[in-house]
Amino acid sequence: QVQLVESGGELVQAGGSLRLSCSASQQSISAYAMGWFRQAPGKEREFVGSISYNGERIVYADSVKGRFTISRDNDKNMVSLQMNSLKPEDTAVYYCAAYLAPAGWTSRWPGDYGSWGQGTQVTVSS
């Protein structure tokens, strides 16, 4: 229901930083929880983090907690994923997604999200 486009994926050296952005051009995301997921070749899609509609709740996968930060700007219809201290195992296609959740909710489950972006490639070299 929400058209999402990710951007910012690049080739980066281990230990570096990168910021991904997710934009909704024609819809408001203010009522949606937003999520970030990633998928490496041959692996299942993996939860990265989720932020509630108003930004008051944020949850992260243990593998990225302390290194990645999700933020949102509902007025600009944008969500960001700031990634620091990148590791080669962070290499994946990163997807943003929208979930029309009960107020204040987040979700780690891909099936809850009804809208997905096309993905952006992040490659971390050693």
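Now for a quick tour of the structure. (Residues numbered from 1 in each chain as written. Predicted model: local features only at pLDDT ≥ 70, side-chain atom pairs only at ≥ 80, totals over all residues. Heavy atoms only, no water.)

**As for the sheet that holds strand β3 (residues 18-24)**
- Across the sheet, four strands lie side by side as β1-β3-β8-β7; this open sheet has antiparallel pairing. What marks the edges here is a single partner per strand, and that holds for β1 (4-7) and β7 (68-73). Strand-to-strand, the axes of this sheet are offset by a mean angle of 15°, without reference to chain direction.
- For β7 and strand β8 (residues 78-83), the ladder comprises six bridges, and the chain directions are antiparallel. Across the sheet, Arg72 pairs through a bridge with Val79, a residue of β8. (Pairing = 2+ DSSP bridges. Helix = DSSP H or I, 4+ residues; strand = E, 2+ residues; numbered from the N terminus. Axes fitted to C-alpha atoms, helices over the stretch in contact; angles between N-to-C directions.)

**Considerations on the nonpolar core**
- One finds Met34, Trp36, Leu81, Met83 and Tyr94 to be the most contacted residues of the largest nonpolar core, which totals 36 residues.
- For this core, the secondary structure elements donating two or more residues are β3, β4 (33-39), β5 (46-51), β7, β8, β9 (92-99) and β11 (120-125).
- Sort the elements by how many residues they give to this core and β9 lands first, with six residues. (Core = buried A, V, L, I, M, F, W, Y, C linked by side-chain atoms within 4.5 Å. Buried < 20%, exposed > 50% of the residue type's maximum accessible area, 1.4 Å probe, protein only.)

**Things to note about the pairing of β4**
- With six of seven residues buried, β4 lies mostly within the body of the structure.
- Here seven bridges tie β4 to β9, and the two strands are oriented antiparallel to one another. By the bridge assignment, Phe37 is partnered in β9 with Tyr95.
- Inspection of the sheet shows β4 paired to β5 by five bridges, in the antiparallel sense. Paired with Phe37 across the two strands is Phe47, which belongs to β5.
- Counting the residues in the hairpin turn of β4 and β5 gives six residues, including Gly42, whose phi is positive at 80°.

Shape is all these values report; function is a separate question.
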